[in-house]
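Each chain is listed here by its residues.
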Amino acid sequence: MKYGLFIRGQYRANETNMNARFEELMEQVRIAEQLGFDDLISGMHYAGYPLQQFQLIPFLSRAMAETRHMRLITGIVLLSLHKPLDIAEQLSSMDVMSGGRLVFGCGLGYREVEFKGFGTTTKERVPRLIENLEAIKKLWTEDHVNMKGSHFELSDTTLSLKPMQKPHPPLWMGANADAAVRRAAEIVDTWFINPHQRMDTIERQLQIYKKALDDFGKPFPDELPMMREIFVAETRDKAKQIARPYLEEKYKVYHQWGQDKAMPKGDDNLDLDFDELTKDRFLFGSPDEVAEQIISYEKRLGVTHMVLGMQGVGMPQSQMLDSMHLFAEHVMPQVASA
Amino acid sequence: MTRSQYTRTEDMTARFEELLQQVRLLNALGYDSFAKGNHYSSDPFYEFQQLPLLCRLMADAPDMRLIAGIVLLALHKPLEIAEYFATMDVMSGGNLVFGAALGYRDVEYKAFDIKKGTGVKRFEQNLEAIRRLWTGERVNMKGDYFELDNASVSMPCVQNPHPPIWIGANADVAVDRAARIGDAWYISAHHRKDTLYRQVEFYKRCLEKYKKPYPTEWPLRREVYIADSREAAIDAVRPYLGLKYSTYHAWGQSGPMPQGDTLGLEFDDLLQNRFIFGNANEVAEEIIDYCRLLGTNNFITSCQWPGMPHTMVMENIEMFAKDVIPKVRQGL
């Protein structure tokens, strides 16, 4: 099992010293590498009110300087908002600067304020995602690309820099709805299972994913990553008690943003009370309990890769570091020995 | 100015390690800032992208300001740029300068879906939106190519109200625009000196017209190389700088330049009155001359062009800091 630390980097609107928060995040990155985490990962949102948030590409590019081994994962780029030449060039530079440690995760997005801000619509998001990804793959692997998309034209275009990884960095795709899971099987290297789907939903969708892989004649991926919200303390009650206020705040905002609308039927409500929300969704507990759950993900689902979100909105640095240490020193070895 | 352009036969991982060494040296020698330009599809060069490169290099230059010099602003959406550069301002502790200009290459305009003739409008609307996002709480603004619907940046800048906004401008009409919408006109490396004298007077008249103050910080960029003599400097850089300018001319950079000037010249004609070459004394005197006559007070030098060996760059960074900067300080 491999482990990625998801740095959400989200803070309350009234947090005034973001530079100090940034220094704390850099400390988390250094400690994560020392503790043996395999990957560093962060997400993308624009106009994040009422939260403050660091932007994905600048953040990962800067955080890279604190790492030597960890892979850097964009988790995820809201691909329909962007132009393929832009994303292909930014990520190529990041891959070269990091010595070939980039993973390109992408997905659709769902917020009106973002689509409008980028002069696009919800309706256009699927065709744009598909053609953007096709263009990025071409730009990463070919010279003098010619391709006319619905919102761009590549005319004898050669990337300023190709990625270091050949033919290109691994492609992950976040997918909520069943149709998106099938699309992930078709056009990327692996499905990046999101943090807020229930276990029974994932089991059902994994069947859809496998069937789609068969349909497209593709093997099951070597790497199946899953993200979970996690918090480790001496006991489950204590873990839940510490993490609760910060996670509750985050999920309230995501519910307001409309995240549920993107989720599969029957599991499309994040406006639940906390106990209901966390059930079969989040990983809270003692090191033993958390290890047991991770082992079950590996056995039941074939997950090879846990991406862990630990710091809810406003959680103090000391609590975050405690949880990271408990996880690395007590959970990782237990999972390894199982 | 870190151009970070290389010929397409280079080992870019090795070149990147050299860039880190250059930036560490700049920081140690007390340079104030480093700058990086912006191009896409840079064939026949290899080039690092501005945004990730500046973010990565900032870690190795904790005392320096970062200059995005410049962002091709017409290509992008304002929410994106306002957010990226706010994050950079915060990560760098308020050390960012935001430079912006139009761009001119078809390959870039097509890839970003910008129709000919709409660049100026996009540029101006984008800059207005970015200023409002950086200074306001929630923004409602309907542009021709975007809509801000109660949108706000995910994080305010450290610098209040926002980082300095420098505008790159070639033609007179662009200089007028820089006076109207920018905090300073960022003078390019390729303007001829005689053109500059004329345009600087023009810029000052534009500032008066718009009732704007003279910029407190006024940047001038020049290509600079120091050797034992002017001839030795020219011989040393000829293969590298010549390639750069012939490529930019082929890209169409001469198009937006002021009337009567072009980059489509033989190298020896190109460098006349444009680039600063010589021994340390000559270089210092010329910089003093520029600053006195133009009134610029922030000098941005570049001394690396595609294919130039790292050792030459390191030597020039060191010579400039030790032999030129003290003389300029004394002379001004």
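Note that the coordinates shown come from a computational prediction; the quantities given were computed from them, not determined experimentally.

**A short note on the overall build of chain B**
(1) Moving on: Within chain B, the secondary structure is distributed over 11 helices and 12 strands.
(2) Moving on: Its C-alpha atoms give chain B a radius of gyration of 19 Å, near enough to 20 Å, the size a compact globule of 332 residues would have.
(3) Moving on: Here chain B holds 332 residues, and 51% of them are scored as buried.
(4) Moving on: For chain B, restricting intrachain contacts to residue pairs at least 6 apart in sequence, the fraction spanning at least 24 positions comes to 74%.

**As for the interface of chain A and chain B**
(1) Moving on: Tallying the contact residues gives 45 residues for chain A and 45 residues for chain B.
(2) Moving on: Secondary structure elements with two or more residues in the side of chain A that touches chain B: α1 (18-35), β4 (51-53), α2 (56-63), α3 (84-97), α4 (112-117) and β8 (153-157) of chain A.
(3) Moving on: Ranked by residues supplied to the side of chain A that touches chain B, first place goes to α3 of chain A with seven residues.
(4) Moving on: When the residues that make up the side of chain A that touches chain B are grouped by side-chain class, the tally is 22 nonpolar, 17 polar and six charged.

**A short note on the packing of helix α1 (residues 12-29) of chain B against helix α11 (residues 310-331) of chain B**
Residue and element names in this part refer to chain B.
(1) Moving on: Interhelical geometry of α1 versus α11 gives an angle of 10° and a closest axis separation of 10 Å. Comparing the axis directions of α1 and α11 gives the class roughly parallel. For the pair α1 and α11, contact is made by Glu18, Gln22, Leu25, Leu26 and Leu29 and by His310, Val313, Met314, Ile317, Glu318 and Ala321, respectively.
(2) Moving on: Looking at the contact of α1 with α11, its residues break down into seven nonpolar, two polar and two charged.

**Quick look at unusual backbone geometry**
Residues and elements named next belong to chain B.
(1) Moving on: Cis geometry marks the peptide bond from Gly69 to Ile70, where omega comes out at 0°.
(2) Moving on: Tracing the chain through its elements places Ile70 in strand β4 (residues 65-72).
(3) Moving on: For the peptide bond that leads from Asn160 to Pro161, omega is 5°, which places it in the cis range.
(4) Moving on: Among the secondary structure elements, Pro161 is positioned in the loop between β7 (147-151) and β8 (165-168).

Criteria and cut-off values
- Think of each chain on its own: its residues are numbered from 1, step by step along the sequence as written.
- Each chain is given a letter, starting from A, and each ligand a number, starting from 1, according to the order in which they appear as written.
- Two thresholds apply to this predicted model, a pLDDT of at least 70 for residue-level local features and 80 or more for giving and counting side-chain atom pairs, whereas whole-chain, interface and lining totals are computed over all residues.
- The way it works is that DSSP assigns letters per residue, a run of H or I at least four long becomes a helix, a run of E at least two long becomes a strand, and they are numbered from the N terminus.
- We compute the radius of gyration from the C-alpha atoms alone; for a globule the expected value is 2.2 Å times N to the 0.38, where N is the number of residues.
- Exposed residues have 12 or fewer other C-beta atoms within 10 Å of their own C-beta, buried residues have 20 or more, and partly exposed residues fall in between, where C-beta atoms are placed from the backbone.
- By the convention adopted here, residues make contact when the C-beta atoms placed from their backbones lie within 7 Å.
- Polar here means any residue other than Ala, Val, Leu, Ile, Met, Phe, Trp, Tyr, Cys and Pro, which are nonpolar, and Asp, Glu, Lys and Arg, which are charged; Gly is therefore polar.
- Between the N-to-C directions of two axes lies an angle of 0 to 180 degrees, each axis being a line fitted to C-alpha atoms and, for a helix, fitted only over the stretch in contact.
- Our angle categories are set so that under 35 degrees counts as roughly parallel, over 145 as roughly antiparallel, 65 to 115 as roughly perpendicular, and the remainder as oblique.

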